[in-house]
Amino acid sequence: MLQRVRKVSENTMEKKKDLPEKSNSGFSLITVILAVGLVGILVMLIAYMVIANFRMKMSGLREKDAFYTAERALEEIRTGLQEDVAEAMSEAYTNVMESYNENVKTGDVTMDVQRQAAYEREFLSILQTRLRVSNTNNTHYNIAKLREYVDLDKEDSFDSEKESLIVTAAADGESSSSSAVADRAKMTVSYTKKNITIKNLKVMYVDARGYAAIIRTNIQLDVPPIQYPTPSTLPDLMNMIVVAGKGIYCASGNATGTQTGDNEIQGSVYAGILPEDKLKVNGQAIGVKDASIYLASGRTLNISKGERTVCAGEVTLAQNSAFYSLAETTLWAQGVNVTSAKAELLGKTYLSDDLTIKAGTGSYVKLAGEYYGYGDVESALKSHNSVEYGYPNQSQNGTDTAQTPSTTKTYEKKTASALSSAITINGKSTTLDLSNLDRLLLAGKNYIASKALSKTNSSETDSNTGNSDDVMTGESLTVKGTQLAYLVPDSLLETGTGDYHNPMDYNTYANGAGIKKTDTAKEVQEKIKAFAKKIVKTDKTAKSLGNQTLKQIGVDEDEPVQTVFYSDGGGAGGYVYFYLNFTDEKKASDFMQTYYNNNPSLKKAMNGYLSFYFKGQDSFEKNTSGIYVKDPSAYLRYIVGGNVLSYDGSTQSGKLDGATTEETSTAVTEEETSYQNMWYALKRKMIGSYDLLKKEVKDSEGLVHDETAVDRDVFDNLVNEKEMVQFIEKHRKTEGNLRYDKDENSCTFTASDDDGGLQTIMAHNGKNSTFLVKEKSTSGTGETSGLSGSATGGSSTSGAEQIKTKETTVQGADKELVIDAKRAEKLRLVVCTGDVRIKEGVEFYGIIMARGTITLEPGAKLLSSPLDAAKAFQSQVNDSGTSPKDFFWEGDKYVLGNSQTSNNDKDSDKDSSVYHVEDYVTYKNWKKL
């Protein structure tokens, strides 16, 4: 058994020896192959991942590019809407400034709120109109309009065959049919939130490879806040150059040396009424009334700069004189009178009465910029000026009331013609050019004057007899010769009891009317009316009336004819004319339209007569004389209350444009009334709002000063005359830097070298000054004297304290203060109670405030110098701290000019005058789909 086991084991060992020997040399190759394969797989995996990532990034870039393209389209729409907002903002602001008129009794704070509200309503209305889909649909916006704002698909790089851009209003889950799209283009207007919202706007863009981007959003359009000019209770004193309480006189004379003789004023100006005795030729008064600025023969005055030139009366030009109000200026006056002279009103012009080219030859008048002849009877009597016009109890709404500005004077009643603004030509070879105007308002009509020429030869004076009413015509701009159209035709005068003609001599008229020298004024008036009714046939037609009767053309039924008396200066009594009496303004305008435009033969005859006024060459310009007016539609604004006549002197042909339909509108009447009230305030304190005039300003004694009083003027309300006169009376000797001049009764103060050694003159050189002074005060009871708030001062009551006053008169030097070249070198401020004369060729820099008249000799110039004037104004006069500002009402509030403002807005990096429109067009509920 053991041997058998051993044998088996040996056999096994022998078999093992017969097997080949094993080796690990092949394992390395396999390892390498496996490693290479693994690396290859990894490389392929990485390459795949890189390619996939690259593809994903490229896809993302293309998607972003598509998104940015869609966003660009949306931004172009937003930019277009910004233009809409800017234009609506500008239009709304202009509309409110031009036509919005608040109640004249409303305070300025309320007025500003109302103006802001009006602007917001106007802005939203204008913008809604610009965006709406149709004139009848205000709730949906016009998608096509928004699509037009997109320009990117109009570029050469845009392939319209492969790319697509869609602007729509389709909403999620809704039909995209065209009708449904239009329904979804909703627009909401919120007057409470002050915005317009464009809803459901969707922009879709697909590029050439099919990548798409979709953006859906609402766009909100807010009302940009706007800052309307805020009126100040103080005028811009430091930019003022002249306050002349009794007007400005450009005296005659010849310039010497290199002087041109032209006068110039730069700065704001106030001119009161010139006394008639100041205007003389060869020592004789020339009889000019109501002049504020008077240019003697041959004088030239340039108003070259200044916010306002305000005249209480008229600008009157004598023969061969010239007046220029340049584009940077605004002129306020009662009227402008030109006699064989030249006037160019190139800025803004506001007149309460007429622009009149008086009898003479060769006058030239050019109007440019804006012209507002705002005078109209209704608006005049509704304004604060009604007291000065002789209607003291006329209220703002036309009813009688005692609530009017106070006055101690009685003013003569003005006629309708004096309250009506028109343009009248009475001179020959005249040129009137309105073709450069942008805006024209002529509220009134021309009248045929009769009062000054009335004469009846009765036992009473002419002022009490005859016909004192002016005859209204239908024209706002016309020539004297057109009044012939309003004469009653001879064929309508009754000849049964006499041979009557129009006109007829006074004796024939008096005999026919039965007027006797012993008749009273009342009897004369009754006979005038009775005779007019007796001889005029109201039911008979006349060719010159368009084959109509007097009744048909619309004359007054009770008094169809108005009788006018003209004196010939002789003893015969003159002549009597019968004019058509229209009491309805529209009927008067319509009559002239029929007479001139619808009757060729009468038009030819009228043009022939007008050629008498427009023949020859103008003495100032080489153009043919005539009246040049643009087509009404060419003006930015054109409102006229009556017909406007234009005439081409070269062709001897005329044109008559009718009145506008707005002349009777309430808004226009309110606008005219607001201009009347602005003029009233400007004549009181050189500020544009009556509401900012103060009824109670107290002096150092506590006495009340009323700025609103009718008898106040700018000098009264700026200069505290009482304080100045009392100071001069206490310093009637030279001490320190204060030099007293006995002849002028003046104190001249010289400032320190730090203030340039500038000088101020305070002079009581008028005849006298009368004012109230405090006598004594008691508690609880006391007597008062004087008139509170009147032009002479007044008593004052404050709480339980009453101040007793007395009237004091202080005599002045009654001598003209003369400024020559030497005196003008350092002189920057003059305040005086009398007259001032600027010598020939002198250039004065600073401010002159005179209660009297300022006379400019040839070549004299008044030029504003705000900084120097401010230094002089605030310089300390003496050790007690007195300075010139102490002689001004509220003088401490004038600090180096009161026109500068600070910007406390938190967005202080933005210019307050620049509006960033992009801030008011914003996305709401923006979403990328």
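Nothing here was measured: the structure is a model prediction, and the numbers come from that model.

Looking at the overall build of the chain
Part 1 of the reasoning: Scanning the chain for helices and strands turns up 16 helices and 51 strands.
Part 2 of the reasoning: Taking all 929 residues of the chain together, the buried fraction comes to 49%.
Part 3 of the reasoning: Counting contacts in the chain only where the partners sit at least 6 residues apart, residues at least 24 apart contribute 63% of the total.
Part 4 of the reasoning: Counting every atom, the chain has about 44100 Å² of accessible surface; 48% of that belongs to carbon and sulfur.

Notes on the packing of aromatic side chains
Part 1 of the reasoning: Applying the stated criterion across every chain yields a total of 28 aromatic pairs.
Part 2 of the reasoning: Their ring planes at 65° and their centres at 6.5 Å tell us that Trp332 and Tyr675 sit as a pair that is edge-to-face. Of this pair, Trp332 sits in strand β18 (residues 330–333) while Tyr675 sits in helix α12 (residues 666–685); the two residues are 343 residues apart in sequence, bridging distant segments of the chain. Across this residue pair, the class does not change: Trp332 and Tyr675 are buried.
Part 3 of the reasoning: Ring geometry for Tyr506 versus Phe565: centroids 6.3 Å apart, planes at 65°, classification edge-to-face. Pair noted here: Tyr506 is in helix α7 (residues 506–513) and Phe565 is in strand β30 (residues 561–566), with a separation of 59 residues, a long-range link.
Part 4 of the reasoning: Tyr506 gets classed as buried once you look at its relative accessible area, which sits at 3%.

Considering the confidence of the model for the chain
Part 1 of the reasoning: Counting all residues, the mean pLDDT for the chain is 81, and 80% of those residues have values of 70 or more.
Part 2 of the reasoning: Under a pLDDT of 50 for its full length, residues 395–403 has, in the predicted model, 17 contacts with residues more than four places off or in other chains.
Part 3 of the reasoning: Here residues 778–795 is modelled with pLDDT under 50, and outside its nearest four sequence neighbours on either side it reaches 46 contacts, counting other chains as well.

Here we look at the UniProt feature "transmembrane region" (unreviewed entry) in the chain
Part 1 of the reasoning: Under the UniProt annotation, the feature "transmembrane region" (unreviewed entry) is placed at residues 27–54.
Part 2 of the reasoning: For residues 27–54, the helix share is 100%, the strand share is 0%, and the end-to-end C-alpha distance is 40 Å.

Brief notes about unusual backbone geometry
Part 1 of the reasoning: At the junction of Asn502 and Pro503, the peptide bond is cis and its omega measures out at 10° in the coordinates.
Part 2 of the reasoning: As for its position among the elements, Pro503 is in the loop between β28 (475–479) and β29 (504–505).
Part 3 of the reasoning: In this structure, Met686 is a non-glycine residue whose phi angle is positive, near 60°.
Part 4 of the reasoning: Mapped onto the fold, Met686 is located in the loop between α12 and β36 (697–698).
Part 5 of the reasoning: A relative accessible area of 6% means that Met686 is categorised as buried.

Focus on the packing of α7 against helix α8 (residues 521–535)
Two quantities define a packed helix pair, namely the angle between the helix axes and the distance between the axes.
Part 1 of the reasoning: Where α7 contacts α8, the two axes come as close as 9 Å, and the packing angle between them is 90°. Comparing the axis directions of α7 and α8 gives the class roughly perpendicular. Residues Tyr509, Gly512 and Ala513 of α7 form the contact with α8, whose participating residues are Lys527, Ile528 and Phe531.
Part 2 of the reasoning: Of the residues in the contact of α7 with α8, the class split is four nonpolar, one polar and one charged.

Observations regarding the pairing of strand β16 (residues 314–317)
Part 1 of the reasoning: Residues Glu314 and Thr316 of β16 are buried on one face, and the alternating residues Val315 and Leu317, pointing to the opposite face, are buried as well.
Part 2 of the reasoning: Taken together, the four bridges between strand β13 (residues 291–295) and β16 define a ladder with parallel strand orientation. Residue Ala291 lies in a different strand from β16, and its bridge partner there is Glu314.
Part 3 of the reasoning: Bridge count for β16 against strand β19 (residues 335–338) is four bridges, and the pairing is parallel. By the bridge assignment for β19, Val315 is matched with Val336.

Regarding the environment of Lys428
Part 1 of the reasoning: Secondary-structure assignment places Lys428 in the loop between β24 (423–425) and β25 (431–442).
Part 2 of the reasoning: Accessibility expressed as a relative area gives 35% for Lys428, which makes it partly exposed.
Part 3 of the reasoning: The spatial distance from the C-alpha of Lys428 to the C-alpha of Phe614 is 5.9 Å, given a sequence separation of 186 residues.

A look at the pattern of salt bridges
Part 1 of the reasoning: Considering all chains together, one arrives at 37 salt bridges under this definition.
Part 2 of the reasoning: A salt bridge links Lys154 to Asp151; its shortest N-O distance comes to 3.9 Å.
Part 3 of the reasoning: When its relative accessible area of 55% is taken as the criterion, Lys154 is described as exposed.
Part 4 of the reasoning: Owing to a relative accessible area of 40%, Asp151 belongs among the partly exposed residues under this scheme.
Part 5 of the reasoning: A salt bridge links Arg851 to Asp716; its shortest N-O distance comes to 2.4 Å. On the criterion of sequence distance, the pair formed by Arg851 in the loop between β48 (847–850) and β49 (854–856) and Asp716 in helix α13 (residues 714–718) is long-range, its members being 135 residues apart.

Here we look at α8
Part 1 of the reasoning: In this model α8 runs 21 Å from its N-terminal to its C-terminal C-alpha over 15 residues, within 8% of the 21 Å that 1.5 Å per residue would give.
Part 2 of the reasoning: Those residues of α8 that sit buried are Ala521, Val524, Ile528, Phe531, Ala532 and Ile535. Down the axis of α8, the buried set is contained in an arc of 100°. They therefore lie on one face. Pointing more than 90 degrees away from the buried face of α8 are the exposed residues Lys522, Lys533 and Lys534.
Part 3 of the reasoning: Considering only its buried residues, α8 is in contact with α7, β30 and β31 (575–580).

Quick look at the sheet that holds β29
Part 1 of the reasoning: The strand order β29-β31-β30 describes an open sheet built from three strands, whose pairing is antiparallel. Every other strand in the sheet has two partners, leaving β29 and β30 as the edge strands with one partner each.
Part 2 of the reasoning: Alignment of β30 against β31, held across six bridges, turns out to be antiparallel. When the bridges of β31 are listed, Val564 appears paired with Tyr577.

Points about the environment of Lys162
Part 1 of the reasoning: Its place among the elements puts Lys162 in the loop between α4 (143–148) and β3 (164–168).
Part 2 of the reasoning: Separated by 46 residues in the primary sequence, Lys162 and Ala208 place their C-alpha atoms 4.6 Å from one another.

A short note on a nonpolar patch on the surface
Part 1 of the reasoning: Taken together, the side chains of Leu38, Leu42, Leu45, Ile46, Tyr48, Met49 and Val50 present a nonpolar region at the surface, about 730 Å² in accessible area.
Part 2 of the reasoning: One can find Val50 in helix α2 (residues 27–99).

Thoughts on helix α16 (residues 866–874)
Part 1 of the reasoning: Along α16, the residues that are buried comprise Ala869, Ala870, Ala872 and Phe873. Along the axis of α16, the buried residues cluster in a sector spanning 165°; they form a single face.
Part 2 of the reasoning: Packing partners of the buried residues in α16 comprise β40 (759–763), β45 (827–832) and β48.

Some remarks on the nonpolar core
Part 1 of the reasoning: Ranked by size, the top nonpolar core spans 110 residues in total, and within it Leu434, Tyr509 and Ile819 carry the most contacts.
Part 2 of the reasoning: When residues no more than four places from it in sequence are discounted, the contact partners of Ile819 are Ala824, Leu827, Val830, Val836, Arg837, Ile838, Lys839, Val842, Phe844 and Ile848.

Focus on the pairing of strand β33 (residues 637–640)
Look at any regular strand and the pattern is simple: side chains alternate between the two faces of the sheet.
Part 1 of the reasoning: Side chains Arg637 and Ile639 of β33 all project onto a buried face; the interleaved residues Tyr638 and Val640 project onto the opposite face, where all are buried too.
Part 2 of the reasoning: Across four bridges, the pairing between β25 and β33 is parallel. Directly across from Leu441, in β33, lies its bridge partner Ile639.

Here's the deal with the side chain of Asn717
Part 1 of the reasoning: Here Asn717 lies in helix α13.
Part 2 of the reasoning: Among the polar contacts listed, one links the side chain of Asn717 to the backbone oxygen of Arg684, at a separation of 2.9 Å.
Part 3 of the reasoning: Only 2.7 Å separates the side chain of Asn717 from the side chain of His705, close enough to count as a polar contact.
Part 4 of the reasoning: Those residues in contact with Asn717 that sit more than four places away from it in its chain are Arg684, Lys685, His705, Asp706, Glu707, Arg712 and Trp889.

Rules behind the numbers
Residues numbered from 1 in each chain as written. Predicted model: local features only at pLDDT ≥ 70, side-chain atom pairs only at ≥ 80, totals over all residues. Heavy atoms only, no water. Helix = DSSP H or I, 4+ residues; strand = E, 2+ residues; numbered from the N terminus. Buried < 20%, exposed > 50% of the residue type's maximum accessible area, 1.4 Å probe, protein only. Contact = heavy atoms within 4.5 Å. Areas by Shrake-Rupley, 256 points an atom, 1.4 Å probe, with all protein chains shown as cover. Phe/Tyr/Trp six-rings, centres within 6.5 Å; stacked < 30°, edge-to-face > 60°. pLDDT = per-residue confidence, 0-100. UniProt positions renumbered as here; feature names shortened; annotations may be inferred. Axes fitted to C-alpha atoms, helices over the stretch in contact; angles between N-to-C directions. Parallel < 35°, antiparallel > 145°, perpendicular 65-115°, else oblique. Nonpolar A, V, L, I, M, F, W, Y, C, P; charged D, E, K, R; others polar. Pairing = 2+ DSSP bridges. Salt bridge = Lys/Arg side-chain N within 4 Å of Asp/Glu carboxyl O. Expected span 1.5 Å × (residues − 1). Arc of directions from axis to C-beta. Patch = residues over 30% accessible without salt bridge, like charges linked within 9 Å, V, L, I, M, F, W, Y side chains within 5 Å. Core = buried A, V, L, I, M, F, W, Y, C linked by side-chain atoms within 4.5 Å. Polar contact = N/O pair within 3.5 Å; in protein donor to acceptor, adjacent residues only side chain to side chain.

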